[in-house]
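Residues per chain are reported as follows:
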Amino acid sequence: MKKQTSFYEKLGKIDRRILFYIMIIAQAYVLINPIGLPVPIEDMVRDSYNAIEEVPEDAIILIAFDMDPGAWSEYAPSSLAVMRHVISRGIKFVGVAIHVEAVPLYEPFMAKLQADLDANGYVYGEDYVNCGFFSGLGSAVIGFATKWDEMVTTDAYGTPASELPILEGIEGIDDFYKEVGIRLGTGIVGGHWQSTWAATYGGKMIIVYCTKCGVGSTAYWAAGISRGIVPGLSGGAQYESLINRYGDATVQNDMVGISVIICLIYIFLGNVAHYGAKSESRRSLQ
Amino acid sequence: MITPINIIELTLTLFVFSQLLYKDTILYRISTLTVLYVAVGNAGVYAIKSLQKTAFIPIMNGNVSLIIPIVLGLLLFTTLIPGKSWMSRPSYGMLLAIGTGIMLRSSLLLQLKTNILYVLQPIIGGKFTPLDNLIGLIIVVSMIVYFLFTVKSRDSPPLSYLSFIGRYAIMIGLGTSFAVATITRLSWLGGRVDWILKLFGLI
């Protein structure tokens, strides 16, 4: 005779695909109809904002464009919010990358900022430059800090450094505004910037990471090695709120909030199924 | 407007989703392998371009000393030649020595500096609330005690209490890491959903 399946057993054996369908439909619904969940500002995000506000007008800051295609959807909105703030303040910036997968993402990322760059009168080579990718991870960062002029001979498009006014006179970390640098992107190579640029040579950075890496970097901020952290979409939503320009991060933060609630419901149901089935089998043994 | 690149991107996204929403299919494997091979190809091309900037152009400008690292790099490929792999040893030695040097100089410094600065924060003041600072201090101390394997008294009070707290602190830490990783993955999934909706003009 076929054994009767109990309610708890059925609950525990729900096809995982149904759970994914529910998740995707809920995410799509929230993206189409944003809820507007409250976004309390965390200190680490406010510190990032304040650090950019403090940058002197004539200063040049270093930006590490180490974005990763996998996590692009999570930190692109946050990175855009931070970069819009930098551009709105007219701060000159020099971009480099030590993460190879970041290279194809630079152009689409900057294309989203083109309107801001134009509105604030930015000229390529004078106010900002993309020096491209450098292999060597930690060794490359040491090179940037100590022998910039020998390392960076051209920009990413082959223009000699001597023809780019923004790079004139840059020989190492001391020629940048050391109190603020920005790390956009993955935690895979983030440690090299933290350990070398920040801890060894004293260049403080704002870290724009995905949520997972952002939480792991909190100690750097607490210890004063980093100026601030903008973790994932939540950080991006907070930053958009600070600069008063609401965009993708705010909408997608709602989506993450709903996804987490659904996850919690799944966990609750999973526990009900597990402990319910356990107590049932104990009862049947008695 | 939907471009050919968008169609490729959408196709690969749907191939990956097929594993999530249907089952492990050949389409899923095609998409993951495509991503892997594109990443490898991309890395190779940009590594060569990076060499051009940092080595070839300076060499042509007269900095001939950079020929040495280029030769050392080429020697690494001798591992592929049977009987000649010994020629790669100096290169591996250099890599190991430089890697260790950087690690000792910077990574170790970062870990020590960060943790020492974090623990030395005053309870009242600093970046967190006094309660957070206190909990942080207790967790750091209790976890150090938990890993004190060489001290016998760790198994008797009062150190055993701290070791007990340390064990739970590790469990909470790992649980939190898992939860945060889940949020990150959900954000990535939502990012693709957002991209598809935007592609079809739904948002």
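So, here is what we can say about the structure in this document. (Residues numbered from 1 in each chain as written. Chains lettered and ligands numbered in written order. Predicted model: local features only at pLDDT ≥ 70, side-chain atom pairs only at ≥ 80, totals over all residues. Heavy atoms only, no water.)

Let us now look at unusual backbone geometry. Residue and element names in this part refer to chain A. The backbone phi angle of Leu137 is positive, close to 45°, even though this residue is not glycine. Mapped onto the elements of the fold, Leu137 is located in the loop between strand 3 (128–133) and helix 6 (138–146). Judged by relative accessible area, Leu137 falls into the partly exposed class, the value being 33%. Notably, Asn244 is not glycine yet its phi reads approximately 60°, a positive angle. Relative to the helices and strands, Asn244 is located in the loop between helix 11 (232–243) and helix 12 (248–285). (Helix = DSSP H or I, 4+ residues; strand = E, 2+ residues; numbered from the N terminus. Buried < 20%, exposed > 50% of the residue type's maximum accessible area, 1.4 Å probe, protein only.)

This next bit is on the packing of helix 5 (residues 130–146) of chain B against helix 6 (residues 159–199) of chain B. All names here are of chain B. Their axes nearest at 7 Å, the elements helix 5 and helix 6 cross at an angle of 105°. Considering their axes alone, helix 5 and helix 6 lie roughly perpendicular with respect to each other. Residues Ile138, Ile139, Val141, Ser142, Met143, Val145 and Tyr146 of helix 5 form the contact with helix 6, whose participating residues are Leu159, Leu162, Ser163, Ile165, Gly166, Arg167, Ala169 and Ile170. (Axes fitted to C-alpha atoms, helices over the stretch in contact; angles between N-to-C directions. Parallel < 35°, antiparallel > 145°, perpendicular 65-115°, else oblique. Contact = heavy atoms within 4.5 Å.)

Phe65(A), Phe93(A), Phe109(A), Met110(A), Ile182(A), Leu184(A) and Tyr239(A) are the most contacted members of the largest nonpolar core, which has 52 residues in total. In terms of nonpolar packing, the next biggest core, distinct from the first, is built from 28 residues, Ile60(A), Phe134(A), Ala145(A) and Val189(A) among them. (Core = buried A, V, L, I, M, F, W, Y, C linked by side-chain atoms within 4.5 Å.)

Turning our attention to the interface of chain B and chain A. Tallying the contact residues gives 48 residues for chain B and 58 residues for chain A. With both chains or domains summed, chain B and chain A bury close to 4400 Å², and 67% of this area falls on carbon and sulfur atoms. When the buried area of chain B at its contact with chain A is split by residue, Leu21(B), Lys53(B) and Lys127(B) rank highest and sum to 16% of it. For the pair chain B and chain A, the number of links is 2 salt bridges. Salt-bridge contacts for Asp248(A) lead to Lys198(B); the nearest nitrogen and oxygen are separated by 2.9 Å. Breaking the side of chain B that touches chain A down by element, the ones donating at least two residues are helix 1 (4–21), helix 2 (26–60), helix 4 (89–119) and helix 6 of chain B. Residue contributions to the side of chain B that touches chain A peak at 16 residues, all from helix 6 of chain B. Residues that form the side of chain B that touches chain A fall into these classes: 27 nonpolar, 14 polar and 7 charged. (Buried area = accessible area lost by both parts, 1.4 Å probe. Salt bridge = Lys/Arg side-chain N within 4 Å of Asp/Glu carboxyl O. Nonpolar A, V, L, I, M, F, W, Y, C, P; charged D, E, K, R; others polar.)

Before going further, it helps to examine the pairing of strand 5 (residues 205–209) of chain A. Residue and element names in this part refer to chain A. With respect to burial, strand 5 is a largely interior element, 5 of its 5 residues being buried. Taking every second residue as pointing to the same face, both faces of strand 5 are buried, with Met205, Ile207 and Tyr209 on one and Ile206 and Val208 on the other. Across 4 bridges, strand 4 (residues 181–185) lies against strand 5 in parallel orientation. Across the sheet, residue Arg183 finds its bridge partner in strand 5, namely Ile207. (Pairing = 2+ DSSP bridges.)

Looking now at a negative patch on the surface. On the surface, a cluster of negative charge is made up of Asp149(A), Glu150(A), Glu171(A) and Asp175(A). For Asp149(A), the location among the structural elements is in helix 7 (residues 148–151). (Patch = residues over 30% accessible without salt bridge, like charges linked within 9 Å, V, L, I, M, F, W, Y side chains within 5 Å. Areas by Shrake-Rupley, 256 points an atom, 1.4 Å probe, with all protein chains shown as cover. Lys, Arg positive; Asp, Glu negative; His and termini not counted. Charge placed at Lys NZ, Arg CZ, Asp CG, Glu CD.)

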